[in-house]
Amino acid sequence: MMDWNWWISGLLAVAGGSLAVIKGLQEIVKLLSACVDLKLKLKELKKQEQEKGA
């Protein structure tokens, strides 16, 4: 006979771990998109400065 408690706690541990990984990935994606936004804004600022200088 299988020990269901052990099996279920194992599943819960795996689920908890994958939830933590998913949350971590979401944070990384947020950081990456923030970096991309900053780069685009910097490009726009540089473009505007060049147009003003010209």
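In case you missed it, the structure is sitting above this.
Numbering of residues starts from 1 in every chain and runs along the sequence as written. In view of the model being predicted, local features appear only for residues whose pLDDT reaches at least 70, and side-chain atom pairs are presented and counted only at 80 or more, with totals across whole chains, interfaces and linings using the full set of residues. To get the side-chain values, all heavy atoms of the structure are used, and hydrogens and water are removed first.

Even after reading the chapter, I still don't get the overall build of the chain, so can you show me in this structure?
Regarding its fold elements, the chain presents one helix and zero strands. Radius of gyration: C-alpha atoms only; globule rule: 2.2 Å multiplied by the number of residues to the exponent 0.38. The C-alpha atoms of the chain give a radius of gyration of 24 Å, which is well past the 10 Å a tight globule of 54 residues would have. Reported as C-alpha extents along the three principal axes, the dimensions of the chain are approximately 80 × 10 × 5 Å. Using a 1.4 Å probe, accessible areas were evaluated by the Shrake-Rupley method; residue-level cover was limited to the displayed protein chains. Summing over all exposed atoms, the chain offers an accessible surface of approximately 5400 Å²; the carbon and sulfur share of this is 70%. Here a helix means four or more residues in a row that DSSP labels H or I, a strand means two or more in a row labelled E, and each is numbered from the N terminus.

Teacher, can you tell me more about the pattern of salt bridges here?
Where charged atoms from two side chains of opposite charge approach closely, those side chains can pair. Take a side-chain nitrogen of Lys or Arg and a carboxyl oxygen of Asp or Glu: if they are within 4 Å of each other, that pair is a salt bridge. As enumerated under the stated definition, the model contains one salt bridge in all. Measuring nitrogen to oxygen at the nearest pair gives 3.6 Å for the salt bridge that ties Glu27 to Lys30. One end of the pair is Glu27 and the other is Lys30, both in helix H1 (residues 4-53) and three residues apart, which spans about a single turn.

In this structure, what is going on with a nonpolar patch on the surface? I would like to understand it.
Together, Trp4, Trp6, Trp7, Ile8, Leu11 and Leu12 give the surface a local cluster of nonpolar side chains, amounting to about 710 Å² of exposed area. Looking at the secondary structure, you find Trp4 in helix H1. For each residue, the accessible area found with a 1.4 Å probe, counting protein chains only, is set against the maximum for its type, and the residue is called buried under 20%, exposed over 50%, and partly exposed in between. Judged by relative accessible area, Trp4 falls into the partly exposed class, the value being 45%. Here the term patch refers to residues with relative accessible area over 30% and no salt bridge, with like charges joined within 9 Å and nonpolar side chains (Val, Leu, Ile, Met, Phe, Trp, Tyr) within 5 Å.

Would you explain the packing of aromatic side chains in this entry?
Centre-to-centre distance and the angle between the planes together describe a pair of aromatic rings. Only rings of Phe, Tyr and Trp enter the pairing, Trp through its six-membered ring, and a pair is recorded when the two centres are within 6.5 Å. The plane angle decides the type: under 30 degrees is stacked, over 60 is edge-to-face, the rest tilted. Under the definition given, this model contains one aromatic pair. Measuring from ring centre to ring centre gives 5.6 Å for Trp4 and Trp7, while their planes differ by 85 degrees; the resulting arrangement is edge-to-face. Taken together, the residues Trp4 and Trp7, both in helix H1 and three residues apart, mark about one turn of the helix. Looking at Trp7, the relative accessible area reads 38%, which means it is partly exposed.

Just checking my understanding: could you explain the environment of Leu25 for this structure?
Mapped onto the elements of the fold, Leu25 is located in helix H1. For the pair formed by Leu25 and Glu49, sequence separation is 24 residues and the distance between their alpha carbons is 36 Å.

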